[in-house]
Structure formats: structure tokens, C-alpha cells
Amino acid sequence: MKPTPQPAWNADRPDMRAFAQAAGLLKADEALARFDRLASEALAHDGVSPDVQVHWQAQGEMRASATGGAPAPWLHLQARTTIALTCQRCLGPVQTPLSVDRWFRFVADEATAAALDDDCEEDLLALEPRPQLHELLEDELLMELPLVPMHEVCPVPVVMQAGDPALGATSAPAERRNPFAELAKLKK
Ligand SMILES: [Zn+2]
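Reference entry: report on the structure contained in this document. (Residues numbered from 1 in each chain as written. Predicted model: local features only at pLDDT ≥ 70, side-chain atom pairs only at ≥ 80, totals over all residues. Heavy atoms only, no water.)

Some words on the sheet that holds strand β4 (residues 93–109)
Here is step 1: Read across the sheet, five strands follow the order β1-β2-β3-β4-β5 without closing on themselves; strand pairing throughout is mixed. Every interior strand has two partners, whereas the edge strands, β1 (25–31) and β5 (124–128), have only one. Taking each pair of neighbouring strands and ignoring which way they run, the sheet shows an average axis angle of 25 degrees.
Here is step 2: Where strand β3 (residues 72–86) and β4 come together, 13 bridges link them in antiparallel fashion. Bridge pairing links His76 to Trp103 in β4.
Here is step 3: Strands β4 and β5 of the sheet are contacted by helix α3 (residues 110–117), whose axis makes an angle of about 105 degrees with β4. (Pairing = 2+ DSSP bridges. Helix = DSSP H or I, 4+ residues; strand = E, 2+ residues; numbered from the N terminus. Axes fitted to C-alpha atoms, helices over the stretch in contact; angles between N-to-C directions. Contact = heavy atoms within 4.5 Å.)

Here it is as C-alpha cells:
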């Protein structure tokens, strides 16, 4: 095989088979502000500092199948950042590190991925339509967000006085509705 220079990969919609076959590597430090959905989770009153970066890398690899089939394209996605969320106890900013380290196996299309998904422990993605790497990265980071961000020890002691009407009231945020549970109810 003659050596070929690494092509410039399209981080937007890479051809994942070619990317894996070439053991392609994409890495970048991007401003958190470029991830709209994630940035909107950051402290509203603080905005997102332009200094806050998301460090990420995507590595392609052809890996042999466990069942002895043809090697399949895989993607190793890693990312880390720190996002300021609102502490649900003291309402102050709580610096929350997020880190993603996941492998995805690519299959031909979305129908194949859906068909295999139930009895497959691997995370499957479709080769076509080509995945949007940036969106995928943001989805993974969003999944790392804690449901109830909270300081381990709040910097300001929470004042609780006897006779305080807030005492004894639950400070937990309203329970999030689980759309799947709602759906399950409808199906019955
Ligand atoms: Zn706190």
C-alpha cells in the first residue's frame, strides 16, 4: 500500500467508512458557545465565557466483529469541558466537568441500526445519512449533564431558621416528566 496523506475530513458529515479505513483523526478545541443547546444550559445570568472550550477528538478505526464477520467501521468519540450550572441548593454557579468517552459501531443505514439495536449492547449509528459529528458530540455532552446540579458543599451556608416557612419544604426541582413513561401510558 502506498502511503497516502490524511485527507481533510469534513467534520460536519464525514464519510465514516473512509474515515475508519484511513484511521482518521479529527480533534479540536471549540468554544462552548458554538454548542448552542449545551451553552443554553449554562448559567443564564452569566452567559458563556468565550474562554470556555470543549476539547474533543474523533478517531476512526476498522474493528473485527466479535462474531467473525467483516471488520466494521467504529468511531471513538472523546470530549471534555466544564460548564457552569446553577446549584439547586444555593442557586450559585457550580462548575461541572463533563466528559465523554464512547465508541460507536457503524452499520449501513438507520433501518439496520434500529433492527439491531434491541439485541445489541453496542452503540450503533448509520453510515448513511452521514452523521453530523458536531451534533453527535453535543448530544453526548448533553447526556452527561447532571439532572440536579449541586455543590458537594455549597460555598454559602444555606440558612435555615426555626419558623422559616421554607424549612421542611422540598427544595428539589419539579420532577421531570419522562416522555417514554407518558408514551407507555398512552399505549395501554
Ligand atoms: Zn450550592
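What follows picks up the thread again.
A closer look at the packing of aromatic side chains
Here is step 1: Tallied over the entire structure, the rule returns one aromatic pair.
Here is step 2: Geometrically, the ring pair formed by Trp74 and Trp103 is edge-to-face, given 6.3 Å between the ring centres and 70 degrees between the ring planes. In this pair, Trp74 sits in strand β3 while Trp103 sits in strand β4, placing the two residues 29 residues apart along the sequence.
Here is step 3: Judged by relative accessible area, which is 10%, Trp74 ranks as buried.
Here is step 4: Its end group placed over the ring of Trp74, Arg63 keeps NZ or CZ at 4.5 Å from the ring centre.
Here is step 5: The ring of Trp103 carries the charged tip of Arg63 above its face, separated from the ring centre by 4.4 Å. (Phe/Tyr/Trp six-rings, centres within 6.5 Å; stacked < 30°, edge-to-face > 60°. Buried < 20%, exposed > 50% of the residue type's maximum accessible area, 1.4 Å probe, protein only. Lys NZ or Arg CZ within 6 Å of the ring centre and 35° of its normal.)

A short note on a nonpolar patch on the surface
Here is step 1: The grouping of Leu147, Val148 and Met150 at the surface amounts to a nonpolar patch, some 270 Å² of accessible area in total.
Here is step 2: Note on placement: Val148 falls in the loop between α4 (133–143) and α5 (179–187). (Patch = residues over 30% accessible without salt bridge, like charges linked within 9 Å, V, L, I, M, F, W, Y side chains within 5 Å. Areas by Shrake-Rupley, 256 points an atom, 1.4 Å probe, with all protein chains shown as cover. Salt bridge = Lys/Arg side-chain N within 4 Å of Asp/Glu carboxyl O.)

Here's the deal with the pairing of β4
Here is step 1: If you look at the hairpin formed by β3 and β4, you'll find six residues sitting between the two strands, and Leu91 has a positive phi there, around 65 degrees.
Here is step 2: Both β4 and β5 contribute to a ladder of four bridges, which runs parallel. Residue pairing for β5: Phe106 is matched across the bridge by Leu125.

Notes on the coordination of the zinc ion
Here is step 1: Looking at the metal site, the zinc ion is ligated by Cys87 (SG), Cys90 (SG), His151 (ND1) and Cys154 (SG), spaced 2.0 to 2.3 Å from it.
Here is step 2: Given four donor atoms and angles of 103 to 121 degrees at the metal, the environment of the zinc ion is assigned as tetrahedral.
Here is step 3: Read in sequence order, the donor residues for the zinc ion give the motif C-x2-C-x60-H-x2-C. Of the two residues, Cys90 is situated in the loop between β3 and β4 and Cys154 in the loop between α4 and α5; the sequence distance between them amounts to 64 residues.
Here is step 4: Classification of Cys154 as buried rests on a relative accessible area of 13%. (Donors = N, O, S within 2.8 Å, 3.2 Å for Na, K, Ca; no water. Tetrahedral: all angles 85-135°; square planar, octahedral: opposite > 155°, others 65-115°.)

Side note on the pairing of β3
Here is step 1: β3 sits mainly inside the fold: eleven of its 15 residues count as buried.
Here is step 2: Of the strand pairs in this sheet, strand β2 (residues 53–63) and β3 are connected by nine bridges, and their pairing is antiparallel. Across the sheet, the residue bridging to Glu61 is Trp74, located in β3.

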